[in-house]
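Here is what each chain is made of, one letter per residue.
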Amino acid sequence: MEIKERKIKISQADAINIFGPKDQYLQLIEQKFDAGIVARGDTVIVHGAADEVAQIERVFKELSFILGKSGSVSLRDVTTVLDLITEGQESSLADGDLESIVLFAHHDAIKAKTPTQKIYFQAVKKNDIVFAIGPAGTGKTYLAVAMAVAALKNREVNRIVLARPAVEAGESLGFLPGDLSQKVDPYLRPLYDALQEMLTAEKTKSFIERGTVEVVPLAYMRGRTISNAFVILDEAQNATSMQMKMFLTRLGAGSKAIITGDATQVDLPSRTMSGLIQIQEVLSKVEGIEFVYFNKGDVVRHKLVRDIIDAYEKFHEQPDHSSAEEQATERHFRS
């Protein structure tokens, strides 16, 4: 194994930001590698295996780029750079990767892919409450879970709380087998799936058992105050006005919330106002809250999903689509 020593020059002013408070960032870098790292004034001396020395040099280069671009370096910046480099990603943050990387999962980097997804990612970084509204397949929930896991990993929050309304869509909970937990599990399954893809099934199970991750029906959040947590309300179009107010007023100090939903897919009984639809008017001018709207151009699922959404939009744009639905129903029963 080839051993190398490299001296990396960093200005004294830059070193204060790059090394972090009480050298916290420098310690993270040291923990990530076996190579020796010694900081002396404006020089970082690296001694170790050639490949690690090259990686460490690149870490400091990327952090210097971030500092020059934004004027500061955060804990998230350091963990993102370390993951990017140690996971063998070849592209440079100078090429824009930093702006789109949400999380390094166990299998790959999760990135914001479409322009709206990038707006969504930036909105969550800037605001404590963000609403993501749009059709299925646009990555609203998936990215929300990724951002929550990233915040937990970067120690920005202590836990994650994921909630969904358990609204009956043509089925009765009473007729489903099992106890209450087993009855509501199908409603929460998409959230479990996203977690397991990012954390592995074993780690997800461990986090849930320790209370680091909590997946609950929306109704179970009444009367609670949730502090230092990343909270996600999924399928929010099926939350009533009162439930939406209840959810939003659960937030405590140090918490962030993302509310996702599709206003065209409301399963609530007729004459029941969707809290997601109403809240767009109620909170439209509140500072610190942002609404991000997705459309069919943001669909990242199977290519046919976009075509399906487009077909439904065209169908409902027809002035006589109600009579068309009646005719389709009549043809169905005749056959």
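Please refer to the structure placed before this passage.
This text gives an overview of the structure that appears in the document. None of the values given here were measured: they were computed from a predicted structure.

So, the sheet that holds strand β2 (residues 36-40)
At step 1: With antiparallel pairing, three strands are arranged side by side in an open sheet as β1-β3-β2. At either margin of the open sheet sits one strand with a lone partner, and together these are β1 (3-9) and β2. Ignoring which end each strand starts from, the neighbouring axes of this sheet average 15° apart.

Focus: the pairing of strand β9 (residues 229-233)
At step 1: For β9, the tally of buried residues reaches five of five residues, placing the bulk of the element in the interior.
At step 2: Of the two faces of β9, the one lined by A229, V231 and L233 and the one lined by F230 and I232 are each fully buried.
At step 3: Two strands pair when backbone bridges link them, and strand β7 (residues 159-164) and β9 are joined in this way by five bridges, in the parallel orientation. Its bridge partner lying in β9, L162 is registered against I232.
At step 4: When β9 meets strand β10 (residues 256-261), the two strands line up parallel, connected through four bridges. Of the residues in β10, the one forming a bridge with L233 is I259.

Here's the deal with the pattern of salt bridges
At step 1: Inspection of the entire model under this criterion finds seven salt bridges.
At step 2: Of the charged contacts, one joins E214 and R159 as a salt bridge, the two residues approaching to 3.6 Å between their closest N and O atoms. Pair noted here: E214 is in strand β8 (residues 213-217) and R159 is in strand β7, with a separation of 55 residues, a long-range link.
At step 3: On the accessibility criterion, R159 (21% relative accessible area) is partly exposed.

Cut-offs applied
- Residues numbered from 1 in each chain as written.
- Predicted model: local features only at pLDDT ≥ 70, side-chain atom pairs only at ≥ 80, totals over all residues.
- Heavy atoms only, no water.
- Pairing = 2+ DSSP bridges.
- Helix = DSSP H or I, 4+ residues; strand = E, 2+ residues; numbered from the N terminus.
- Axes fitted to C-alpha atoms, helices over the stretch in contact; angles between N-to-C directions.
- Buried < 20%, exposed > 50% of the residue type's maximum accessible area, 1.4 Å probe, protein only.
- Salt bridge = Lys/Arg side-chain N within 4 Å of Asp/Glu carboxyl O.

Such coordinate-based values are descriptive only and should not be taken to indicate function.
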